[in-house]
Amino acid sequence: FLDYSQFHSHIQSINAPFEEAEINRSIDVIYSVSVIEHLLTVNRKIWLKRMHSLLKPGGRILLTVDLMAPGDELWVFAEGKIVEQNHGTFRTLFEEIEDEGFCVDNAQILQAIPGTRVNIAMISARTPVV
C-alpha cells in the first residue's frame, strides 16, 4: 500500500475495499491500476456505479486493465483462480462504463508488450458536466 497523500496534500489514499470505504465528499479523479478486471462482473458494475456517484460533475476515472494476450478478453484470473466464465472483453467493459453514464474520452490497447503475458487497456472517462 502506497500512501499517495505523501506526494500532494490534495490527494487522499484509503486502504479499504472500495465498496466499504467511507468517502463523504465528491471527488475529482478515481484511478484504478489493473484491479477492476479481477472482479466478478456483478461487482465490477457495482464499482462503476459507486465511482460515478462519488465523482463531481466532469470528474474522471482513469483505468488500466489487464487483457489476455494476444486478444482483448479481460484477464480472467484473481489470486491464481479463474474469476468466472464469460468474464468479458475490452468492448464489454467499455459498454459497462458507458451504461453507467460515463463519457469515454480515450480508450486504447497496448499489445505485444515485451516481457509480459498481458495486453494492457487504458481508459479515460468522465461524468457529464451538468
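Residues numbered from 1 in each chain as written. Predicted model: local features only at pLDDT ≥ 70, side-chain atom pairs only at ≥ 80, totals over all residues. Heavy atoms only, no water.

Digging into the overall build of the protein
- Within the protein, the regular secondary structure consists of 2 helices and 7 strands.
- Put simply, the protein runs from its N terminus to its C terminus through helices and strands in the order β-α-β-β-β-β-α-β-β.
- In terms of C-alpha radius of gyration, the protein reaches 15 Å, essentially the compact-globule figure of 14 Å for 130 residues.
- With the C-alpha coordinates of the protein rotated into their principal frame, the extents come out at 40 × 30 × 25 Å. (Helix = DSSP H or I, 4+ residues; strand = E, 2+ residues; numbered from the N terminus. Rg over C-alpha atoms; globule rule 2.2 N^0.38 Å.)

As for helix H1 (residues 41-54)
- Given a rise of 1.5 Å per residue, 14 residues ought to cover 20 Å, and the 20 Å separating the end C-alpha atoms of H1 matches this to within 8%.
- Every buried residue of H1 is listed here: Thr 41, Arg 44, Trp 47, Leu 48, Arg 50, Met 51 and Leu 54.
- Considering only its buried residues, H1 is in contact with strand S1 (27-33), strand S2 (55-68), strand S3 (73-74) and helix H2 (90-99). (Expected span 1.5 Å × (residues − 1). Buried < 20%, exposed > 50% of the residue type's maximum accessible area, 1.4 Å probe, protein only. Contact = heavy atoms within 4.5 Å.)

Let's talk about the environment of Ser 34
- Of note, Ser 34 is situated in the loop between S1 and H1.
- Remark: the alpha-carbon pair of Ser 34 and Pro 70, spanning 36 residues in sequence, is separated by 17 Å.
- Leave out the neighbours within four places in its chain, and Ser 34 touches Thr 64, Val 65 and Asp 66.

Topic: the environment of Ile 123
- Inspection of the secondary structure puts Ile 123 in strand S7 (residues 118-126).
- When the C-alpha atoms of Ile 123 and Ile 11 are compared, they prove to be 21 Å apart, with 112 residues separating the residues in sequence.
- Apart from residues lying up to four places away in sequence, Ile 123 is in contact with Ile 61, Leu 62, Leu 63, Phe 90, Leu 93, Ile 97, Val 104, Asn 106 and Ala 107.

Focus on the side chain of Arg 50
- Assignment of secondary structure puts Arg 50 in helix H1.
- Despite being buried, Arg 50 has no salt bridge partner; Glu 19 is the closest side chain of opposite charge, sitting 6.8 Å away.
- Separated by 2.2 Å, the side chain of Arg 50 and the backbone oxygen of Phe 18 make a polar contact.
- Polar contacts involving the side chain of Arg 50 include one to the main-chain carbonyl oxygen of Ala 21, which spans 2.7 Å. (Lys, Arg positive; Asp, Glu negative; His and termini not counted. Salt bridge = Lys/Arg side-chain N within 4 Å of Asp/Glu carboxyl O. Polar contact = N/O pair within 3.5 Å; in protein donor to acceptor, adjacent residues only side chain to side chain.)

Notes on the packing of aromatic side chains
- By the definition in use, this model includes 5 aromatic pairs.
- Ring centres of Phe 90 and Phe 94 lie 6.4 Å apart, and the angle between their planes is 55°; on these two criteria the pair is classed as tilted. On the criterion of helical spacing, the pair formed by Phe 90 and Phe 94 is a turn pair, its members being 4 residues apart in helix H2. Here Phe 90 and Phe 94 have matching classes, each one buried.
- One aromatic cluster is present, formed by Tyr 4, Phe 7 and Tyr 31 through successive ring pairs.
- The residue whose ring lies beneath Arg 50 is Phe 18, and the NZ or CZ to ring-centre distance is 5.3 Å. (Phe/Tyr/Trp six-rings, centres within 6.5 Å; stacked < 30°, edge-to-face > 60°. Lys NZ or Arg CZ within 6 Å of the ring centre and 35° of its normal.)

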